[in-house]
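# Chain and residue survey
Next come the chains, spelled out residue by residue.
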Amino acid sequence: MTLFLEPRTVAEAVACFRDHPEARCMSGGATLVAMMNAGLADPPAVVSLRRIAELVGIAPAADGWTKIGGMTPHRVTAAETRLAGGQAIVRLAAGRIANPPVRNMGTIGGSISFSDPAADYPAALVAADAEIEVVGSGGGRRIAAQDFFVDWYTTALEPGEIVVAVHLPPAPRAAAAYEKLVKTEGDMGIATVAAVVEMDRGACSDLRVAVGACGPHPVRLRESESDLIGGRLDADAVARLASRLAEALDPVDDVRASSDYRRKVVPRMVARAIATARARAEGEQ
Amino acid sequence: MSPYKNQVGQSIPKVDVREKVTGRAAYIADLSRPGMLHGAVLQSPYAHARIKGYDTSKALAVPGVRCVLTGADFTEHFMGAFIKDEGPIAIGKVRYVGEPVAVVAADDERTARRAARLIEVEYEELPAVLTPEEALAPGAPLVHEDLASYVKVFDAKFEGNAFSCTDLSEGDVDKAFAECDVVVEGTYETQAQYHLSLEPCGALAEVDANGRVHLWSANQSVFRVQANVCESLGLPMSKLHSMTPKVGAGFGNKMEAHIQPLVVALALKVQRPVKMILSREEDFEMVRARHPFKIRIRTGARKDGTLLAREVETLLDGGAYADDSPGVLGYSLLMARGPYTIPNTRCFGRVVYTNKMRFGAFRGFGNGQVAFAGEQQIDEIAHRLGIDPLEMRLRNAMRIEEPWFGGQQVNSNGLAECLEKVREKSGWGRRARPSRPGVKVGYGVAACAHISGLLATSAIVRMLEDGSFVLSTGATDIGQGSDTVLTQICADALKVTVDNVVCATPDTDGSPYNWGTTASRVTYTTGRAVAGAAEDVGRQIKEAAAKMLNCPVGDVELRDGGFIGVKGSNTTLPYAAVAGFTHWASGGPIVGSKSLIYDAPTIDPRRAVAIGLPFTRIGVFSFNALVVEVEIDEVTGKATVARAWSAVDVGKAINPRLVEGQIEGGIVQGLGFALTEEMVWDGGRLANPTLMDYKAPGAVDVPYEINSIIVEHPEPDGPFGAKGVGEISLVSVPAAVANAIFDAAGVRLHKLPMTPERVLTAMLGAD
Ligand SMILES: Cc1cc2nc3c(=O)[nH]c(=O)nc-3n(C[C@H](O)[C@H](O)[C@H](O)COP(=O)(O)OP(=O)(O)OC[C@H]3O[C@@H](n4cnc5c(N)ncnc54)[C@H](O)[C@@H]3O)c2cc1C
């Protein structure tokens with residue numbers, strides 16, 4: 001028998017884990033319930049976050065940051081036009097998740113806590129320079145997205161810690177492009193590329209590119225990116241970054257594609273994502 | 001009252017549409033009986049192993065478990081459509097990962113499943129053969145040591161693990177190749193495809209107080225279910241009553257047995273109703289799938305484009321049991337020439353046992369695989385000779401009076417019209433959409449023929465007391481709408497509207513024999529029986545009316561709307577009056593029937609040599625031409641079909657909307673076969689038995705335009721001229737897409753599915 005707990009506040013939720021250290025947190029349940037049905041998870045207690053009102057919704061802050069509550073469903077994030085500029089990368093990624101039923105059910109907190117490397121948010125959040133707000137019995141902290149996704153299905157969360165929100169820094173003059181290669185629409189990605197580009201009179205003033213679904217966690221190469229800052233994003237420079245990214249991947253062979261193909265296709269997707277984001281940044285749409 | 005209209009040729013809504021739309025239609029999973037238990041299966045973890053013993057004590061100790069059966073509880077009785085090589089459960093050894101080894105009946109499904117996992121089986125692992133090449137290697141372990149002694153329903157040629165070998169040829173191939181100006185040669189490979197009925201397989205059996213078994217199951221033929229259960233359990237057919245609930249689609253997967261014998265065995269043992277519904281994973285792992293083919297093919301033509309010769313060799317993975325494999329092999333060879341005049345053709349093929357799940361019938365029945373190879377070669381030759389590929393096909397299209405490969409007479413042939421129609425409607429040659437940055441656009445064409453026919457069928461039409469009718473055929477409507485079409489045929493033949501005819505649900509106690517809803521055959525074959533039975537009823541109505549009116553039978557006729565009229569006069573009698581007369585006064589209730597078997601020979605021995613062909617009388621020919629517009633993402637290699645134009649010669653569309661439904665459905669399933677669907681094995685284990693990992697196209701993936709074009713060249717003996725449409729539109733899809741990919745990107749793909757990975761690799765290699 002599984003105990004089902006429905007705390008009303010974050011503090012109550014944290015307390016649940018003190019009483020039931022083996023409990024599993026449930027946000028949308030899209031993944032957790034499917035795992036329980038398949039016999040892959042059999043927790044003694046489930047702590048549902050559904051009744052915690054403060055966890056839902058998207059709120060811009062005065063300093064330009066945007067907060068996405070952990071319980072915000074993908075559908076809401078995908079439709080949030082205030083996620084603009086560089087922050088739009090998260091909206092674009094949310095819109096490519098699965099299909100309408102899953103987008104209604106699944107949440108950003110649940111998705112990133114599960115940390116499936118083939119999911120859409122990880123690369124997008126890394127490219128957005130997002131910070132993940134978590135709360136545990138020892139209080140709250142913020143973790144940079146790059147440090148949050150640690151390994152296959154593994155995050156920087158400590159036992160008993162829960163994700164409460166995602167914070168996106170301002171990037172009003174940047175633009176974003178998201179590439180997701182799928183076998184069929186709504187499937188998990190064979191490879192994903194999240195790009196954020198800011199241009200200033202023909203020169204690149206900000207560039208952030210993360211690759212997903214090609215190894216245990218998203219791959220981003222800040223140093224290689226910085227080589228392109230101040231330049232004109234010419235094809236050679238972009239190709240250099242793209243091929244370095246491809247080299248840094250650790251893809252596997254699976255039923256979706258071979259690792260060889262992932263290495264071959266990623267640089268091509270990176271080039272297109274950068275070109276698209278750049279065109280958007282320069283107002284070409 | 002609106003005037004009576006002919007019922008045939010109208011897009012009448014499906015007769016069961018309300019039931020389906022309101023969600024009240026009951027499928028196998030919806031059925032329940034008082035005191036019913038639930039079954040679960042234990043599957044083999046090994047591809048090939050000897051079973052040394054069972055320990056069922058832990059499973060039996062679980063509260064709520066009522067019965068456990070293992071191979072030790074069954075005596076050896078074998079079933080099989082062509083070769084009787086399969087029992088209801090693994091006996092003595094297991095032959096593939098996922099094969100049923102034991103079954104449990106318990107109070108609820110969860111308990112049954114848990115108990116099944118507690119059954120201990122001792123195995124001695126044996127070396128396995130996982131590919132046809134491994135299975136053919138000298139000294140390879142035998143999947144069936146007793147193949148030679150199995151009962152076979154045809155003169156099978158077999159050796160080692162090769163359980164059926166077939167030759168089919170016409171003309172002098174060697175001489176003809178020597179005369180060719182162009183010869184193209186290649187090898188092609190196709191993958192295993194899962195049927196993916198939305199409804200997984202399931203069955204419910206109940207034993208009555210007299211010891212008779214009543215069985216409901218997901219099926220394509222209540223009669224094949226009866227035959228398979230009785231053969232594999234050694235029961236007399238009189239003991240088994242096979243029925244059907246609504247069926248959530250069948251594409252060949254539900255024609256032969258799945259778990260019906262096991263569910264019946266459990267019910268007989270516990271003497272309580274037992275239901276078992278497979279999970280999606282189990283349905284993937286133990287029902288059946290489309291045969292993987294390896295095809296070596298050579299085609300030659302003269303400079304002017306005249307095709308002269310073709311040679312084909314196929315090697316099929318048959319999996320662990322023969323099932324429909326000999327039929328698929330033979331049929332693929334019969335179709336391998338394509339719908340063209342190629343006077344010299346030689347085909348040879350083998351199907352081989354391996355330690356994988358059985359492969360069997362699947363919409364297309366081997367035709368799509370050989371078309372993928374053959375139709376690319378037609379294009380290649382056209383390209384080499386600088387002839388437009390559609391024009392090339394028109395030039396070589398079989399002439400109307402010409403026989404099929406093997407010698408069978410073809411009595412209706414709309415191929416040329418199909419090609420002309422798709423040329424016109426698609427704007428072929430005008431390249432409506434050019435390539436744009438990042439996207440390569442290409443157009444491809446393919447053509448094919450497919451049969452409808454095969455075997456026995458019968459129909460009974462009874463007139464009720466009020467002058468309405470009950471039609472019984474034993475044909476399971478698997479969602480495609482055959483109840484509607486057969487009702488239209490019956491109603492039209494009797495000049496009444498469809499609401500005056502009820503189509504009875506198939507049931508082996510009450511329905512006349514029907515081989516099955518398969519081979520695109522119900523409209524054509526069963527339709528003929530229905531038309532014949534209705535005609536028989538019409539004759540009896542006229543006889544009774546003549547008696548009532550005191551006039552010669554020759555003076556009366558059936559009139560629109562359900563009346564008997566006297567020729568040359570306004571005197572009419574409603575059918576109700578005739579029905580009342582026969583029920584209460586004279587003659588007795590009117591019952592008409594018709595039985596038939598498809599009987600035109602496939603092979604004319606004066607023209608062709610056929611060795612090991614498992615069927616002798618196959619069916620009549622429908623024709624198809626397909627044009628697709630493909631877009632290739634240059635960055636990833638992903639090919640998408642944006643638009644499709646498919647023209648099918650169906651003889652006569654009894655219900656045009658249902659014909660279009662079949663054309664569209666076939667194209668979508670064909671696109672999955674062409675582009676995304678692939679069962680992948682990791683050693684002996686299926687690596688992707690879930691819809692998370694096995695990807696069929698969804699609503700967003702299908703072309704935004706599928707143009708279905710109906711062509712009608714009536715089949716002389718078809719009901720109102722109709723012939724089949726169930727499978728044909730799938731057959732051309734992989735080939736047409738491959739030809740469009742070539743047109744767009746200049747690369748030829750020889751392996752299905754044509755994934756982004758394969759397309760991009762080919763494109764980069766070609767650069
Ligand atoms: C058919 C299908 C297709 C899908 N396709 C995609 C896709 O294309 N792209 C994609 O990105 N995703 C896809 N997903 C995953 C989907 O987005 C899930 O909704 C998501 O991964 C999990 O979100 P959830 O809110 O339902 O989490 P839940 O199922 O509730 O939880 C998931 C896991 O995270 C833990 N957890 C949940 N919330 C928290 C929290 N606040 N703090 C700490 N731990 C927590 C749970 O204990 C559990 O282990 C798909 C899912 C399905 C079922």
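Residues numbered from 1 in each chain as written. Chains lettered and ligands numbered in written order. Predicted model: local features only at pLDDT ≥ 70, side-chain atom pairs only at ≥ 80, totals over all residues. Heavy atoms only, no water.

### A look at the overall build of chain A
To keep things clear, this is the line we draw: Helix and strand assignments follow DSSP, with helices taken as H or I runs no shorter than four residues and strands as E runs no shorter than two, numbered in order from the N terminus. What the globule rule says is 2.2 Å times the number of residues to the power 0.38, and the radius of gyration is computed from C-alpha atoms. Accessible area is worked out with a 1.4 Å probe on protein chains only. A residue is then buried under 20% of its type maximum, exposed over 50%, and partly exposed in between. The contact definition used throughout considers only heavy atoms, calling two residues in contact when any of these lie within 4.5 Å. Surface accessibility follows the Shrake-Rupley procedure with a 1.4 Å probe radius. Residue values consider only the protein chains on display as shielding. The charge count includes Lys and Arg as positive and Asp and Glu as negative, but it does not include His or the ends of the chains. In plain terms, the charge of a residue is placed at NZ if it is Lys, CZ if Arg, CG if Asp and CD if Glu.
Counting its regular elements, chain A contains eleven helices and 14 strands. A compact globule built from 285 residues should have a C-alpha radius of gyration of about 19 Å, and chain A, at 19 Å, falls within 12% of that. Along the first, second and third principal axes, the C-alpha atoms of chain A reach 60 × 45 × 35 Å. Of all 285 residues assigned to chain A, the portion counted as buried reaches 54%. Counting only contacts in chain A whose residues sit at least 6 apart along the sequence, the fraction spanning at least 24 positions is 61%. When the accessible area of chain A is evaluated, it comes to approximately 12000 Å², of which 50% is carbon and sulfur surface. Averaged over its 31 positive side-chain charges, chain A has a centre that lies 5 Å from the centre of its 35 negative ones.

### Some thoughts on a nonpolar patch on the surface
The cut-off we apply is this: Nonpolar side chains (Val, Leu, Ile, Met, Phe, Trp, Tyr) are joined into patches within 5 Å and like charges within 9 Å, using only residues with over 30% relative accessible area and no salt bridge. Put simply, a salt bridge is a Lys or Arg side-chain nitrogen that is within 4 Å of an Asp or Glu carboxyl oxygen.
A surface patch of nonpolar side chains, amounting to about 280 Å² of accessible area, comprises Trp152(A), Tyr153(A) and Val252(A). Take Tyr153(A): it is sitting in the loop between strand 8 (149–151) and strand 9 (154–155).

### Structural notes on the site of the ligand
Counted only if it meets this: Throughout, the term near means that a residue has one or more heavy atoms lying within 4 Å of the molecule or strand in question. Residues adjacent in sequence count toward polar contacts only when both atoms are side-chain atoms; beyond that, a polar contact is any pair of N or O atoms within 3.5 Å, and within protein one must be able to donate a hydrogen and the other to accept it. Amino acid classes used here: Ala, Val, Leu, Ile, Met, Phe, Trp, Tyr, Cys and Pro are nonpolar; Asp, Glu, Lys and Arg are charged; the rest, including Gly, are polar. In this entry, domain limits derive from an automatic or database-based domain assignment.
Taken together, the neighbourhood of the ligand is formed by 30 residues, with Cys25(A), Ser27(A), Leu32(A), Thr107(A) and Asp120(A) sitting nearest. Taken together, the residues near the ligand originate from chains A and B. The backbone of Leu32(A) places a nitrogen or oxygen atom 2.7 Å from an oxygen atom of the ligand. Taking Asp187(A), its main chain carries an N or O atom lying 3.4 Å from an oxygen atom of the ligand. Here the ligand loses 90% of its free accessible area of 960 Å² to cover by the protein chains. For the shell around the ligand, the secondary structure elements donating two or more residues are strand 2 (24–26), helix 6 (108–114) and strand 10 (162–168) of chain A. Among the elements that line the shell around the ligand, the one with the most residues is helix 6 of chain A, at four residues. When grouped by side-chain class, the residues that make up the shell around the ligand number 15 nonpolar, eleven polar and four charged. Built from parts of two domains, the shell around the ligand gets at least three residues from each of domain 1 (56–168) and domain 2 (177–281) of chain A.

### Considering the interface of chain B and chain A
The condition is simple: The term buried area denotes the loss of accessible surface (1.4 Å probe radius) that occurs when two parts are joined, taken as the sum for both partners.
The interface of chain B with chain A comprises 21 residues on the first partner and 17 residues on the second. Between chain B and chain A the total buried area reaches about 1800 Å² when both faces are included, carbon and sulfur atoms providing 59% of it. One salt bridge in this structure joins Arg272(A) and Asp633(B), with 2.7 Å as the shortest N-O distance. At the boundary of chain B with chain A, the tally comes to eleven residue pairs in polar contact (both at pLDDT 80 or more).

### Details of the nonpolar core
Residue and element names in this part refer to chain B. Defined as follows: To define a nonpolar core, start from buried Ala, Val, Leu, Ile, Met, Phe, Trp, Tyr and Cys residues and group those joined through side-chain atoms within 4.5 Å.
In terms of nonpolar packing, the biggest core is built from 118 residues, with Trp404, Val737, Ile741 and Met754 touching the most fellow members. If sequence neighbours within four positions are ignored, tryptophan 404 has contacts with Glu170, Leu334, Met335, Arg337, Gly338, Pro339, Met398, Val410, Ala449, Phe621 and Phe623. Counting residues in each nonpolar core, the second largest holds 46 residues, with Leu37, Val264, Leu266 and Phe284 among its members.

### Focus on the pairing of strand 28 (residues 639–649) of chain B
One face of the sheet, then the other: side chains in a regular strand alternate in exactly this way. All names here are of chain B. The condition that has to hold: Between any two strands, pairing holds if DSSP finds at least two bridges.
Judged by how many residues are buried, strand 28 sits mostly within the fold: ten of eleven residues are covered. In terms of strand pairing, strand 27 (residues 619–633) meets strand 28 through ten bridges, oriented antiparallel. The residue of strand 28 that forms the bridge with leucine 626 is serine 646.

### Digging into the domain arrangement of chain A
All names here are of chain A. Under the domain assignment used here, chain A contains domain 1 (56–168) and domain 2 (177–281). The centre of domain 1, based on its C-alpha atoms, is set 20 Å off from the matching centre of domain 2. Of the residues lining the interface, 24 residues belong to domain 1; the matching set on domain 2 comes to 25 residues. Taken over both partners, the interface formed by domain 1 and domain 2 buries close to 2100 Å², and the fraction arising from carbon and sulfur atoms is 56%. If you look at where domain 1 meets domain 2, you find five salt bridges. Of the charged contacts, one joins aspartate 129 and arginine 208 as a salt bridge, the two residues approaching to 3.8 Å between their closest N and O atoms. Summed over the shared surface of domain 1 and domain 2, the result is eleven residue pairs in polar contact (both at pLDDT 80 or more). Within the residue set of the side of domain 1 that touches domain 2, elements represented by two or more residues are helix 4 (88–95), helix 7 (121–127) and strand 8. In terms of residue count, the dominant contributor to the side of domain 1 that touches domain 2 is helix 7 (five residues). A per-class count over the side of domain 1 that touches domain 2 returns 17 nonpolar, two polar and five charged.

### A word on the pattern of salt bridges
Considering all chains together, one arrives at 68 salt bridges over all chains under this definition. The residue Arg606(B) makes a salt bridge to Asp604(B) at a minimum N-O spacing of 3.0 Å. In the salt-bridge network here, residues are joined through shared partners; they are Asp129(A), Asp206(A), Arg208(A), Arg220(A), Arg222(A) and Glu225(A).

### Here we look at the domain arrangement of chain B
Residues and elements named next belong to chain B. Domain annotation of chain B identifies domain 1 (17–24 + 455–597), domain 2 (31–126 + 201–277) and domain 3 (293–453 + 603–763). For domain 1 and domain 2, the distance between their C-alpha centres works out to 38 Å. Residue-level contacts link 20 residues of domain 1 with 18 residues of domain 2. Each partner contributes to the roughly 1500 Å² buried at the junction of domain 1 and domain 2, and carbon and sulfur atoms together form 55% of this total. Broken down residue by residue, the surface that domain 1 buries against domain 2 is led by Thr476, Ile478 and Thr508, which jointly contribute 38%. The interface formed by domain 1 and domain 2 contains two salt bridges. When the shortest N-O distance is used, the salt bridge between glutamate 19 and lysine 246 registers 3.6 Å. Counting across the interface, domain 1 meets domain 2 through seven residue pairs in polar contact (both at pLDDT 80 or more). Per-class residue counts for the side of domain 1 that touches domain 2 are five nonpolar, ten polar and five charged.

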